[in-house]
Amino acid sequence: FTGKSRDANNWSETDCETSVGYIFGVDNYSGGKPITIWGGPNSMSATYYIPKGLSNISFTDVEELGADALYACGDVREVSLNDGCTCIGYYAFRNCISIRNFAIPSGVKSIKSGAFRGSGIASVIIPLSVTALEGAAFMDCRSLNLAYIPRRFKDKLPESTFQNCAPDLQII
């Protein structure tokens, strides 16, 4: 799991710990890049320092990829999630501009609002296992030009789901 808690979407006064940054800590160090995460019911924030050279992340024991898990990790190019992951949390990949390809595991059931917002993802296949695809999930993904989605979502997606994506975006 990421950070301190498996509870991916339950913010408290001191919890920004679902972020990958929690693993690396709040102390500045040579080679660290500050990432500030805002959110929760009281708009709290936390600043973590991610290694600048961090480009690949593999999650091996994640049930839910937490809110803001990789927020603004602009150097990360490749991420893999284990098959046991059932939820991609709010803004999990927000502003991850270097991620071009990402395979959503077949066990994922829910993709929360803003999950990939502003990321560099170029194509996506939403697996049949997904039963909840929230608004703004792929908003502002300017490189996203191809999205395969289950038929049941075709006419039921919020308008914001793919808002401000590539002008030639094909939804199949």
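These lines cover the structure that appears in this document, whether it is placed above or below.

**Quick look at the overall build of the protein**
Okay, step 1: A count of helices and strands for the protein gives one helix and 11 strands.
Okay, step 2: N-terminal to C-terminal, the α/β element order of the protein is α-β-β-β-β-β-β-β-β-β-β-β.
Okay, step 3: Among the 172 residues that make up the protein, the fraction classed as buried is 49%.
Okay, step 4: Within the protein, contacts between residues separated by at least 24 positions form 33% of all contacts whose residues are at least 6 apart in sequence.
Okay, step 5: On the protein, roughly 8,400 Å² of surface is accessible, and the fraction owed to carbon and sulfur atoms is 48%.

**Quick notes on unusual backbone geometry**
Okay, step 1: A positive phi angle, near 65°, is found at Ala-136, a position not held by glycine.
Okay, step 2: Looking at the secondary structure, you find Ala-136 in the loop between strand 9 (132-133) and strand 10 (146-148).
Okay, step 3: For Ala-136, a relative accessible area of 9% puts it in the buried group.
Okay, step 4: A positive phi is found at Asp-140, a non-glycine position, where the angle reads about 65°.
Okay, step 5: Structurally, Asp-140 is set in the loop between strand 9 and strand 10.

**Some points on the sheet that holds strand 6 (residues 87-88)**
Okay, step 1: If you walk across this open sheet you meet the four strands as 4-6-7-9, and the pairing is parallel. At either margin of the open sheet sits one strand with a lone partner, and together these are strand 4 (64-65) and strand 9.
Okay, step 2: In this sheet, strand 9 lies alongside strand 7 (residues 110-111) in parallel orientation, the contact comprising two bridges. Bridge pairing in strand 9 places Ile-111 opposite Leu-133.

**Thoughts on a nonpolar patch on the surface**
Okay, step 1: On the surface, Ile-125, Tyr-148 and Ile-172 cluster together to form a nonpolar patch covering roughly 280 Å² of accessible area.
Okay, step 2: Mapped onto the secondary structure, Ile-125 falls in strand 8 (residues 123-125).
Okay, step 3: When its relative accessible area of 54% is taken as the criterion, Ile-125 is described as exposed.

**Comments concerning the packing of aromatic side chains**
Each aromatic ring pair is summarised here by two numbers: the centre-to-centre distance and the angle between the ring planes.
Okay, step 1: One pass over the full model with this rule turns up five aromatic pairs.
Okay, step 2: Ring geometry for Phe-116 versus Phe-138: centroids 5.0 Å apart, planes at 5°, classification stacked. Taken together, the residues span a long stretch of sequence, with Phe-116 in the loop between strand 7 and strand 8 and Phe-138 in the loop between strand 9 and strand 10 at a distance of 22 residues.
Okay, step 3: Residue class for Phe-116 comes out buried when judged on its relative accessible area of 2%.
Okay, step 4: Note on Phe-138: relative accessible area 0%, which makes it buried.
Okay, step 5: Judged by centre distance (5.3 Å) and plane angle (5°), the ring pair of Phe-138 and Phe-162 falls under stacked. With a gap of 24 residues between them, Phe-138 in the loop between strand 9 and strand 10 and Phe-162 in the loop between strand 10 and strand 11 (170-171) connect regions that are remote in the sequence.
Okay, step 6: Accessibility expressed as a relative area gives 11% for Phe-162, which makes it buried.
Okay, step 7: Members of the aromatic cluster, joined through ring pairs, are Phe-93, Phe-102, Phe-116, Phe-138 and Phe-162.

Conventions used here
Residues numbered from 1 in each chain as written. Predicted model: local features only at pLDDT ≥ 70, side-chain atom pairs only at ≥ 80, totals over all residues. Heavy atoms only, no water. Helix = DSSP H or I, 4+ residues; strand = E, 2+ residues; numbered from the N terminus. Buried < 20%, exposed > 50% of the residue type's maximum accessible area, 1.4 Å probe, protein only. Contact = heavy atoms within 4.5 Å. Areas by Shrake-Rupley, 256 points an atom, 1.4 Å probe, with all protein chains shown as cover. Pairing = 2+ DSSP bridges. Patch = residues over 30% accessible without salt bridge, like charges linked within 9 Å, V, L, I, M, F, W, Y side chains within 5 Å. Salt bridge = Lys/Arg side-chain N within 4 Å of Asp/Glu carboxyl O. Phe/Tyr/Trp six-rings, centres within 6.5 Å; stacked < 30°, edge-to-face > 60°.

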